[in-house]
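Summary of the model geometry
Now for the letters of each chain:
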Amino acid sequence: MTVHRSDYTPPSWLVDDVRLVFDLDPRHTQVEATLSVRRNPAAAPPHAPLVLDGEQLELLELRIDGRALDAGAYRIDERSLTVDRVPERFELHTISRIDPQANTALSGLYRSNGGYFTQCEAEGFRRITWFPDRPDVMARYTVTLRAPREACPVLLSNGNLVDAGSLAHDPRARTDGGADRDDREWHWATWHDPFPKPSYLFALVAARLVATERRLRTRSGRDVLLQVWVEPGNEARTGHAMDSLERAIRWDEQRFGLELDLDRFMIVAVGDFNMGAMENKGLNIFNAKYVFADPHIATDHDFAAVESVVGHEYFHNWTGNRVTCRDWFQLTLKEGLTVFRDQEFSADMLAARSEDAASAASARAVKRIEDVRVLRSAQFPEDAGPMAHPIRPDAYEEINNFYTVTVYEKGAEVIRMLHTLVGRDGFRRGLDLYFQRHDGQAVTCDEFVSAIADANGLALEQFRRWYSQAGTPRVRARGHYDATARRYTLELEQHCPSAPGQPDKVPLHIPFAVGLVGFDDGRDRRLRIGERVGDQTRALAFRAGETGEHTAVLELTRARHVFVFDDVDAMPIASLARGFSAPVVVEHDYDDTALARLAAHDSDPFNRWEAVQRFLVASIVAVLSGAEPAQRCAPLVRTIGALLEDSALDPAFREQLFTLPSEGFVAEQLTVVDPGALRAARNGVRRYLAESLAAQWADAWSSHARREPYSPDPVSAGRRALKNVALAYWVDTQSDDAIDAAVAQFDAADNMTDRIAALQALLHTGGERRDAAIARFAERYGGEPLVLDKWFALQATMHRQPADGPVLQRVRELMRHPAYSARNPNRVRALVGSFCNGNLAEFHAADGSGYAFWSEQVLAVDALNPQIASRLARALDRWRKFTPDRQAKMREALERVSAHRPLSNDVREIVEKSLAA
Ligand code: TRP
Ligand code: ZN
């Protein structure tokens, strides 16, 4: 069933209070719900029927104002409960039975390692009890959990603990006639959340857990208790998550004036989880992957990811929870904004830990580069394929399919553009106004933009098109320098490609940050800007970007603009879209010399990196069309060599410079993709860089290989990153010295970053030493599921070496490994997901074996967990990008899945949209 944004109507019935009593049992959990319901006078006609959502619930009792309803007074179908005649205001009382043990979809109430956990976003609450399960119905919750004390010593829900105590025995005997009553000791706890919230923010946890705790005084002087709950034995791994939480709380107070509003804030780690983490009010539930940070099992990258996800979920407390979404089409209202906030948080934390101002700027650039890499290698392809949608979609079959990189990451770019347009202070004013107007409400994206606009005296009407138009805009830049007139002319044309259901596009409002870099001296020029309209040139008020006085933020609003820069004393090179000021593709014909200059001199570190990326992409594409690396790549080698030697550049930044664009990103630049050829070309360039600079890579490796104890701080992490990228290049030369060095690092490492980097480098060699290292790694970490995930993923993404069999064969063998389970999302993502989404050349093997594997796995996983299956199904959505023989095989695989019954809505939407278009 298609849900349309334009069909929104306010809820007919509102719920003010909810009382829930859970009697927790693996197969027969009982949920008693008491709702105070009233007709929404603004929306519902006087005799509107009451319709509640409910799925996979067995209704045991139904009362209105204490009276049981006759069988004829209500109707139940697969997804709802309807009562035709109800009073204006009443108390609804239901008792339902659910089976958490059978819940392999991990939506609603489910089991993980003996405990009980919930996941309600987006529509999981209806799998717990009958309810108007939509975000614009906000209620106050009081929740009692009852469970056997021995099995579930810890009972948690949202808000504050009211009271707790013991029970002699299983309380379900009341309604069950004692059928499966047990004689163990039970206990109970009651929680109350004072903040009205939508049902998707409800949570409970009942499990054997222990907490680490910290007490904190908020800015206004309230004392709060912070807890991180994990399984016993993992306490020592929670320090970094707790520190990150404290930093997030402080940061939101300082940067946005937003304070923690609860007496208690809890984070719970769980091993089975569909996504990264969930912002349930006061009771965040996290994939364990984003909680545990111990140098022996977590890499520097994992440390950063924990900080960022802890921040993200915490920041939702205001952007998402205090002000929530009116309907799910508005998802980017909370997600785009909260991603923007977590990105800024991470950037500020990196900057704060830097040694000086220059390092702080470069650390911010590193964070920006990482975020842009994700956007360009995942969101740009999505925006160019059959699943393309605006950040605020117009229609969906299954809302779970719209938790996308577009809604999250492009959504964050849209917020960032607003921030650029109104400036840091203007953005703060806008956010203040947003909370002043909408605290406690469920609102739309439009209301957010209006708050930013009104607080800054702007209309931002054209800017709103970013919310409705899909596809990545392209900005074509043409520059011309007139030496006699000392004038540089820059013509900028925007073009928005068509997307599914959106053939015609209108120009967007694009903040385009520009600087002029001297071709000879590499120095930024002062900017005196005019805009030519017809044959008039009018001066433009100079709007300096927050990156400095030599960067101007040009505002593109029409299909074509011509800007003129006067008093330019020497030939410049345009540095375009500095800091990646908009989520667009910038087309400009830089030649190798211009790129080399920008790589060496651009004062904007992002664009320095961007120049190197352009250089790399151009080289890979040239080699792909037949050029010899030795002929094509000499200028590139000189540029990379010089940057490698430039010790004024921070190591973390240099590592970014040397990390090649992903195969996926390069594939986007091509019209037809032959993944094997693409991999050969990219590896050819890589190998050439490795061999041409072999001695420097070896040197960079040894000079950054410090023998000091591990510390996860960004400066040490940066050194490790540079050291390890150097090692990877060096090992790529296949020299014995390099391989010895990698094996030695693998064995001697005192931290996961260095150990796994050495193993990763060894994967680019063949033979026994590689295989021995792979085996030793598994022996060492056999008891660590999160580390085994890395081990699975590493092998699933291996490039096949000459003496190897197909990687798919290895993947199939690994699926028989005792640690593998199709029920655990992290395992499926690590092995099957990494192979299908992260090993382009092997997955797209010409014989179609990858596609057969894909259809078999999509169907197998779909029977257990549709959300995870549907993510996997996305691996084929760009099938039209590939060579014709592959397209035919992919279409066949898609049709096979599409015809299969049963098939979830989740997977059906993906395969049908892939086949259409
Ligand atoms: N709101 C969560 C976040 O972005 C995302 C999330 C967690 C989610 N679990 C989910 C979304 C399950 C859909 C289904 O922080
Ligand atoms: Zn989120």
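What counts and how
Every chain begins its residue count from 1, and numbering advances along the sequence as written. Naming scheme: in the order in which they are written, chains are lettered from A and ligands are numbered from 1. Only residues with pLDDT of at least 70 are given local features in this predicted model, and only at 80 or more are side-chain atom pairs given and counted; all residues enter the totals for whole chains, interfaces and linings. The side-chain figures draw on all heavy atoms in the structure; neither hydrogens nor water molecules are used. Each helix is a run of H or I in the DSSP string that is no shorter than four residues. Each strand is a run of E no shorter than two, and both are numbered from the N terminus. Throughout this description, buried means an accessible area under 20% of the type-specific maximum (1.4 Å probe, protein chains only), exposed means over 50%, and partly exposed covers the range between. Note on contacts: a residue pair is in contact if any heavy atoms of the two residues lie within 4.5 Å. Method for areas: the Shrake-Rupley scheme with a 1.4 Å probe, in which residue coverage is limited to the protein chains shown. For the purpose of charge, His is not counted, nor are the chain termini; Lys and Arg are scored as positive and Asp and Glu as negative. For charged residues, the charge sits on one atom: NZ in Lys, CZ in Arg, CG in Asp, CD in Glu. The donor set covers N, O and S atoms within 2.8 Å of the metal, switching to 3.2 Å for Na, K and Ca, and it leaves out water, so a site may look short of donors. Only four donors with every angle between 85 and 135 degrees are called tetrahedral; only four or six donors with opposite donors over 155 degrees apart and all others between 65 and 115 are called square planar or octahedral, in that order; all others are irregular. Being near a molecule or strand, for a residue, means having at least one of its heavy atoms within 4 Å of it. Side-chain atoms alone can form a polar contact between residues adjacent in sequence; in general such a contact is a pair of N or O atoms within 3.5 Å, and within protein one must be able to donate a hydrogen while the other accepts it. Three residue categories are used. Nonpolar comprises Ala, Val, Leu, Ile, Met, Phe, Trp, Tyr, Cys and Pro, charged comprises Asp, Glu, Lys and Arg, and polar comprises the others, including Gly. Note: two strands are recorded as paired if DSSP finds a minimum of 2 bridges between them. Between N-to-C directions, angles cover 0 to 180 degrees, with each direction set by a line fitted to C-alpha atoms, over the stretch in contact for helices. A helix is expected to reach a length of 1.5 Å times the quantity of its residues less one. The directions considered for the arc run from the helix axis to the C-beta atoms. Any Lys or Arg side-chain nitrogen found within 4 Å of a carboxyl oxygen on Asp or Glu counts as a salt bridge. Each angle receives one of four descriptions, namely roughly parallel if under 35 degrees, roughly antiparallel if over 145, roughly perpendicular if within 65 to 115, and oblique otherwise. Should the near helix be turned anticlockwise from the far one by less than a right angle, the crossing is termed left-handed; should it be turned clockwise, right-handed. The set of buried Ala, Val, Leu, Ile, Met, Phe, Trp, Tyr and Cys residues whose side-chain atoms join them within 4.5 Å is what this entry labels a nonpolar core. The disulfide definition used here is simple: a pair of cysteine sulfur atoms within 2.5 Å.

When you go through the protein chain residue by residue, the secondary structure sums to 27 helices and 34 strands. Projected onto its principal axes, the C-alpha coordinates of the protein chain cover approximately 90 × 70 × 60 Å. Residues counted as buried form 60% of the 917 residues belonging to the protein chain. Long-range contacts, defined here as pairs at least 24 residues apart, represent 72% of the contacts in the protein chain between residues at least 6 apart. When the accessible surface of the protein chain is split by element, carbon and sulfur atoms take 49% of a total near 34,500 Å². The protein chain carries 112 positive and 131 negative side-chain charges, and their two centres are separated by 2 Å.

To continue, consider the coordination of the zinc ion (ligand 2). Note on the zinc ion (ligand 2): its protein donors are His312 (NE2), His316 (NE2), Glu335 (OE) and Glu335 (OE). The metal-donor distances range over 1.9 to 2.7 Å. Because the angles between the six donor atoms bound to the zinc ion (ligand 2) fall within 47 to 161 degrees, the donor set is best described as irregular. For the zinc ion (ligand 2), the donor residues sit on a single chain with the sequence spacing H-x3-H-x18-E. When sorted by exposure, His312 lands in the same class as His316, which is buried.

On to the site of ligand 1, then. The immediate surroundings of ligand 1 are formed by 16 residues, with Glu121, Ala277, Glu279, Glu313 and Tyr408 found nearest. One of the side-chain N or O atoms of Glu279 is found 2.7 Å from a nitrogen atom in ligand 1. Here an oxygen atom of ligand 1 and a side-chain polar atom of Tyr408 are 2.6 Å apart. Protein chains shield 97% of the accessible area of ligand 1, which is 370 Å² for the free molecule. Listed by contribution, the elements that provide at least two residues to the shell around ligand 1 are strand 20 (277-278), helix 3 (300-315) and helix 4 (331-352). Here the shell around ligand 1 is composed, by residue class, of six nonpolar, five polar and five charged.

Strand pairing in a sheet takes place through backbone hydrogen bonds and is either antiparallel or parallel in direction. Spatially, the five strands line up as an open sheet ordered 17-18-19-21-20, and their pairing is mixed. One side of each edge strand has no neighbouring strand; the edge strands of this open sheet are strand 17 (210-217) and strand 20. Strands in contact with helix 3 are strand 19 (264-270), strand 20 and strand 21 (283-287); relative to strand 21, the strand with the most contacts, it is inclined by about 150 degrees.

Further remarks concern helix 19 (residues 768-780). Its 13 residues place the ends of helix 19 18 Å apart at the C-alpha level, agreeing with the 18 Å of an ideal helix rising 1.5 Å per residue. When helix 19 is considered as a whole, its buried residues turn out to be Arg770, Ala773, Ile774, Phe777 and Ala778. Seen from one end, helix 19 has its buried residues packed into an arc of 135 degrees, which puts them on one side. Every exposed residue of helix 19 that faces more than 90 degrees away from the buried side is listed here: Glu768, Glu779 and Arg780. Looking at the buried side of helix 19, the elements it contacts are helix 17 (736-748), helix 18 (752-763), helix 20 (785-796) and helix 21 (807-814).

Another aspect to go through is the pattern of salt bridges. Applying the stated rule across the entire model yields 81 salt bridges. Between Asp394 and Arg5 there is a salt bridge; the shortest N-O distance is 2.8 Å. Taken together, the positions of Asp394 in the loop between helix 5 (357-383) and strand 23 (395-396) and Arg5 in the loop between strand 1 (3-4) and strand 2 (13-23) put the pair 389 residues apart, joining distant regions of the chain. Given a relative accessible area of 31%, Asp394 falls into the partly exposed group. By relative accessible area, which is 22% here, Arg5 ends up partly exposed. In this structure, Asp646 and Arg608 form a salt bridge, with 4.0 Å as the shortest nitrogen-oxygen distance. Taken together, the residues span a long stretch of sequence, with Asp646 in the loop between helix 11 (634-645) and helix 12 (651-658) and Arg608 in helix 9 (residues 605-624) at a distance of 38 residues. Judged by relative accessible area, Arg608 falls into the buried class, the value being 12%. Among the charged side chains, a salt-bridge network with shared partners connects Arg255, Glu344, Asp348, Arg364 and Arg416.

We now examine the packing of helix 16 (residues 714-732) against helix 17. Axis separation between helix 16 and helix 17 bottoms out at 8 Å; the angle between their running directions is 140 degrees. Considering the angle they form, helix 16 stands oblique to helix 17. Helix-helix and strand crossings are classified by hand; for helix 16 and helix 17 the assignment is left-handed. Contacts between helix 16 and helix 17 involve Lys723, Asn724, Leu727, Trp730 and Val731 from the first element and Asp737, Ala738, Ile739, Ala741, Ala742 and Gln745 from the second. When grouped by side-chain class, the residues that make up the contact of helix 16 with helix 17 number seven nonpolar, two polar and two charged.

The next thing to look at is the sheet that holds strand 32 (residues 560-565). Read across the sheet, six strands follow the order 29-28-32-26-25-34 without closing on themselves; strand pairing throughout is mixed. On the outer flanks of this sheet lie strand 29 (536-539) and strand 34 (585-587), each paired with one strand and no other. With strand direction ignored, the average angle separating the axes of adjacent strands in the sheet is 25 degrees. Here strand 25 (residues 474-482) runs beside strand 26 (residues 487-495); their pairing, made up of nine bridges, is antiparallel. Among the inter-strand pairings, Ala477 is bridged to a residue of strand 26, identified as Leu492.

Right, let's get into the nonpolar core. Within the largest apolar cluster, 282 residues are counted, with the highest numbers of intra-cluster contacts made by Phe448, Phe512, Phe565 and Trp854. Here the element with the most residues in this core is helix 6 (residues 405-438); it accounts for 14 residues. Filtering out sequence-adjacent residues up to four positions away, Phe512 remains in contact with Val475, Leu492, Ala552, Val553, Leu554, Leu556, Leu576, Ala577, Ser581 and Val586.

The subject of this paragraph is the side chain of Glu413. Positionally, Glu413 belongs in helix 6. Judged by its relative accessible area of 2%, Glu413 is buried. A polar contact is formed between the side chain of Glu413 and the side chain of Arg368, at a distance of 2.8 Å. Beyond its immediate sequence surroundings of up to four residues, Glu413 is in contact with Arg368, Leu375, Phe580 and Pro583.

The interhelical angle for the contact between helix 18 and helix 20, taken along N-to-C directions, is 20 degrees, at an axis separation of 11 Å. Classified by the angle their axes make, helix 18 and helix 20 are roughly parallel. Where helix 18 crosses over helix 20, the two elements pack in a sense that is right-handed. In this structure, helix 18 uses Met752, Ile756, Leu759, Gln760 and Leu763 to contact helix 20, whose residues at the interface are Val787, Lys790 and Leu794. Tallied by class, the residues present in the contact of helix 18 with helix 20 amount to six nonpolar, one polar and one charged.

Turning our eyes to something else, we now look at the pairing of strand 33 (residues 572-576). When a strand is regular, its side chains alternate between the sheet's two faces. Burial analysis of strand 33 places five of its five residues in the buried class, which makes it a mostly covered element. Burial along strand 33 is two-sided: Pro572, Ala574 and Leu576 facing one way and Ile573 and Ser575 facing the other are all buried. Looking at chain direction, strand 27 (residues 510-518) and strand 33 are connected through five bridges and run antiparallel. By the bridge assignment for strand 33, Leu516 is matched with Ala574.

Moving on: the environment of Pro714. Relative to the helices and strands, Pro714 resides in helix 16. In this structure Pro714 touches Leu350 and Arg353, once residues within four positions along its chain are discounted.

For the coordinates displayed, the defined rule picks out zero disulfides. In this structure Cys496 is a free cysteine whose sulfur lies 19 Å from that of Cys445, the closest cysteine sulfur available.

Moving on to unusual backbone geometry. Cis geometry marks the peptide bond from Glu121 to Ala122, where omega comes out at -5 degrees. With an omega of -5 degrees, the peptide bond between Arg901 and Pro902 qualifies as cis. Within the secondary structure, Pro902 sits in the loop between helix 26 (884-899) and helix 27 (905-915). With a phi angle near 55 degrees, Gln56 is a residue other than glycine that sits in the positive phi range. Positionally, Gln56 belongs in the loop between strand 4 (50-53) and strand 5 (58-64). By relative accessible area, Gln56 is classed as exposed at 63%. One non-glycine residue, Gln734, lies in the positive phi region at around 65 degrees. Gln734 sits in the partly exposed class, given a relative accessible area of 30%.

In this sheet, strand 29 lies alongside strand 28 (residues 529-533) in antiparallel orientation, the contact comprising four bridges. From the neighbouring strand, Arg532 faces strand 29, where its bridge partner is Thr537. Hairpin connection of strand 28 to strand 29: two residues between the antiparallel strands, including Gly534 at a positive phi of 65 degrees.

The quantities given are spatial measurements derived from coordinates; they are silent on function.
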